[in-house]
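Residue-level structure breakdown
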Amino acid sequence: MQNPSYKIFALSIIGAFCTVSQTFAQKQQGEVKTDDIEIYKDTKVVLPQANRIFDKVPISADDNSRKPIRYEFIERKLPVQTPEFSPTVNMPDEGSKEDTKAAKHSNIIRAGMGNYGHTFLEAHAGIPIGDDNYHGIYLKHNNFRLGPVGANYSGISQNIVKVHSRTSFDAVKLEGALGWERRGFDFYGFTPKNYDFPESLIFNSWNKFNFNGIISNSNKDSKVDYEFKSNLSYLFTHLKANELVWKGSGNAVFPVTEQLSAIVDGTLVLAQRKDSLTLYRNLYKLKPTFQYKTDKFTITAGLNVINDREKNTFNSSYVYPIVKLDVQPMQGIKVFAGYEGDVYANNLTSFLLENQWLNRFTELRNTRKTNDFYIGGKASLQNGLDIEAKLSYANYKDFYVFNNSRADSTRFEALYSDDSTTVKVTNFTAQASYQIPEMFRSNLKFDVNIFSGLGNLKNAWHRPSFTATWNNTFTIKQKLLVSSDFYFLTGLKGNNFLTNKEIKLDPIIDLNFKFTYLITEHFDVFISANNVFNKNYQRYLYYPTQGVNFLGGLSYSF
């Protein structure tokens, strides 16, 4: 029988060849998508990564036009994690076309030092050729030699290298990126009487090589719109686990009439994970829908056809209806309601990004959302205020949580609801954004989660019942940029299975500030203060975070 790993590799090479060839033969526009640039703190609390434009300007250059807050309420996976408790090294949006600084400076070298033995360096350099072609490279080093307990027994490090390219032709746009990332950390979730053992006994790390490519339509006059994505990643850990994942997806829109369109979405996830055993896990999705759109409302209806299989273990298929209604009763106001079902791919790579302290031999299952009813609305007001809200009620099978391992409380394992359990999640999400162009931006968001029907899980371990984030940015005379980030989480609980004791974690209150001052056209200095309340809160049981910590440095833009 043919080994499925070769199928994964063959498909990956086909997608890689298409995009790598354009990466080196083509040229890219002077704005480059990359991951959010964060100052990495001890806590590993991560949302699914978001893309943002990477053009560097020393001071955030706001457009005079309104920038409504991002609509984040579609296909919520409900990960365990929440936003990172760390300020961002501000790589602002592309900014105003009239700002000469934004046009001149797309490259940066930034370096800094702080307490906890913190060293920080990042750099981006690109070669723009014309308006639509660009090649670039991004480097990052972020290291805390010391941690919250046991000095160098709880340090953490992150290193990234990425090359990227984008080019546009008359009818097609090609994008590609090839990168490597390494993270090192310790299993420090205990308090020994003395540290007379080598740190290597509790050390772990993972390395990930990643390739992604995108082919999309760039012809605005084309009747058919499309986008195809390919992502190949290979991860291996110090604990001798590795995983190869290839994810391919495509979307195409076919107009039928001026108001009616046929839409086809497809996704496949092929994964090979090797630990004590080698597992082959495949997930296929096909989502055909029809969309009827007028000036006042949009109706979308279709099916989500899914096949979830693991070699020699199970092979299951599901069909879920999709219905969504969007209504715009007046300019700037929109209400929506819908129903859907889905299956979310869980793999070792995604789990380690949520909780790096996982034990070996972590069980992997995909999570099935059997139904999700939701209703919500958005409003964009003329005074600079945007408001969004959504209420949903969903049922989940194989709902997962992370909790301390039964064998070793310093490490975590994934726990799933059993076959007889359907976990019910009621979620209310709301956010408000206010902005004064070129001066002030503020965004407030909160989530309320009610978990019920947990069955064998007994509790939604390490999932918060309430989360609030408040982010603010002030720009003063294009010379000084001041930003603040406030986070609040409550409702976290963990369970020590060795003592069979449920432990309620203290609420997390985290406040961060960052100041950036433009010295000259090319130089700026920055300083950040993180966790200013100096609380060694625990996002995960037995893992306290760093107290108040600082970072100061210098940036050069060119």
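Residues numbered from 1 in each chain as written. Predicted model: local features only at pLDDT ≥ 70, side-chain atom pairs only at ≥ 80, totals over all residues. Heavy atoms only, no water.

1. Regarding the overall build of the protein
In terms of helices and strands, the protein carries 3 helices and 31 strands. In the protein, buried positions account for 51% of the 558 residues. Of the roughly 25,400 Å² of accessible surface on the protein, 60% is carried by carbon and sulfur atoms. (Helix = DSSP H or I, 4+ residues; strand = E, 2+ residues; numbered from the N terminus. Buried < 20%, exposed > 50% of the residue type's maximum accessible area, 1.4 Å probe, protein only. Areas by Shrake-Rupley, 256 points an atom, 1.4 Å probe, with all protein chains shown as cover.)

2. Section: the environment of N355
Of note, N355 is situated in the loop between α3 (348-354) and β17 (367-380). For the pair N355 and A414, spaced 59 residues apart in sequence, the C-alpha separation works out to 9.9 Å. Polar side-chain contacts of N355 include one of 2.9 Å to the backbone nitrogen of W357. (Polar contact = N/O pair within 3.5 Å; in protein donor to acceptor, adjacent residues only side chain to side chain.)

3. A look at the packing of aromatic side chains
Within this structure, the stated rule accounts for 30 aromatic pairs. With 4.8 Å between their ring centres and 70° between their planes, Y188 and Y543 make a pair best called edge-to-face. You can see Y188 sitting in the loop between β8 (172-186) and β9 (203-217) and its partner Y543 sitting in strand β30 (residues 543-544), a full 355 residues away along the chain. By the ring-pair criterion, three or more aromatic residues cluster together here, those being Y188, W357, F412, Y540 and Y543. The ring centre of Y400 lies 5.1 Å from the NZ or CZ of R463, which sits over that ring. (Phe/Tyr/Trp six-rings, centres within 6.5 Å; stacked < 30°, edge-to-face > 60°. Lys NZ or Arg CZ within 6 Å of the ring centre and 35° of its normal.)

4. Re the pattern of salt bridges
Applying the stated rule across the entire model yields 17 salt bridges. A salt bridge links K334 to D326, with the shortest nitrogen-to-oxygen separation between them at 3.2 Å. For D326, a relative accessible area of 9% corresponds to the buried category. For R411, the salt bridge is made with D408, and the minimal N-O distance between the two is 3.6 Å. Look at R411 and you get buried, because its relative accessible area is 16%. A single salt-bridge network, built from bridges that share partners, covers R273, D275 and R360. (Salt bridge = Lys/Arg side-chain N within 4 Å of Asp/Glu carboxyl O.)

5. What about the pairing of strand β21 (residues 423-436)?
Looking at chain direction, strand β18 (residues 385-397) and β21 are connected through 12 bridges and run antiparallel. Directly across from E388, in β21, lies its bridge partner Q431. The pairing of β21 with strand β22 (residues 440-452) spans 13 bridges and is classified as antiparallel. In the strand pairing of β22, V425 is matched with F451. What sits between β21 and β22 in their antiparallel hairpin is a turn of 3 residues, with E438 showing a positive phi close to 65°. (Pairing = 2+ DSSP bridges.)

6. Quick notes on the pairing of strand β19 (residues 400-404)
β19 sits mainly inside the fold: 5 of its 5 residues count as buried. Across 5 bridges, β19 lies against strand β20 (residues 412-416) in antiparallel orientation. Bridged to F402 within β20 is A414.

7. Some points on the environment of G179
Among the secondary structure elements, G179 is positioned in strand β8. Distance from G179 to I160, taken between C-alpha atoms, is 7.3 Å for residues 19 residues apart in sequence.

8. Observations concerning empty space enclosed by the protein
Within the structure shown, the criterion is met by 4 cavities of 30 Å³ or more. The computed volume of the largest cavity comes to approximately 110 Å³. Residue lining of the largest cavity: 14 residues in total, with T237, A241, L348, L358 and N359 positioned closest to the centre. Elements represented by at least two residues in the lining of the largest cavity include exactly β9 and α3. (1 Å grid on protein atoms, 1.4 Å probe; cavity = no way out; pocket = protein on both sides within 12 Å on 5 of 7 lines; lining within 4 Å. Points joined across faces, edges and corners; volume = space filled by probe spheres on them.)

9. Observations concerning a nonpolar patch on the surface
Together, I109, L121, Y517, I519, F523, V525, L554, Y556 and F558 line one region of the surface with nonpolar side chains, adding up to about 730 Å² of accessible area. Mapped onto the nonpolar patch, the elements with two or more residues apiece are β28 (523-530) and β31 (549-557). Note on placement: L121 falls in strand β5 (residues 118-129). You can call L121 partly exposed: its relative accessible area is 41%. (Patch = residues over 30% accessible without salt bridge, like charges linked within 9 Å, V, L, I, M, F, W, Y side chains within 5 Å.)

10. Describing the nonpolar core
As a rule of thumb, nonpolar side chains are buried together in soluble globular proteins. Ranked by internal contacts, the top residues of the largest apolar core, which has 26 residues, are F187, F351, W357 and F402. Looking at which element gives the most residues to this core, the answer is α3, with 4 residues. If sequence neighbours within four positions are ignored, F351 has contacts with N346, L358, T362, E363, L364, Y400, F402, A414 and Y416. Membership of the second largest hydrophobic core comes to 13 residues, among which are V401, V423, L454 and L457. (Core = buried A, V, L, I, M, F, W, Y, C linked by side-chain atoms within 4.5 Å. Contact = heavy atoms within 4.5 Å.)

11. Some remarks on the side chain of N107
Tracing the backbone through its elements, the reader meets N107 in the loop between α2 (100-104) and β4 (108-114). Among the residues examined, N107 registers a relative accessible area of 9% and is labelled buried. Engagement of the side chain of N107 in a polar contact is seen with the backbone nitrogen of G126, the distance being 2.7 Å.

12. Some remarks on unusual backbone geometry
Even without glycine at this site, E438 takes up a positive phi of about 65°. Tracing the backbone shows E438 in the loop between β21 and β22.

13. A word on the confidence of the model for the protein
Summary statistics for the protein give a mean pLDDT of 84 and a share of 81% for residues scoring 70 or more. Across residues 81-103 the pLDDT falls below 50, and counting only partners more than four positions away or on other chains, this stretch makes 88 contacts in the model. (pLDDT = per-residue confidence, 0-100.)

14. Quick look at the environment of V163
By the secondary structure assignment, V163 is in strand β7 (residues 156-168). On the basis of relative accessibility, which here comes to 30%, the residue V163 falls in the partly exposed class. Counting along the chain gives 13 residues from V163 to G176, while the straight-line C-alpha distance between them is 8.4 Å. Once you skip the residues sitting within four places of it in the chain, V163 turns out to touch G136, I137, G176, A177 and L178.

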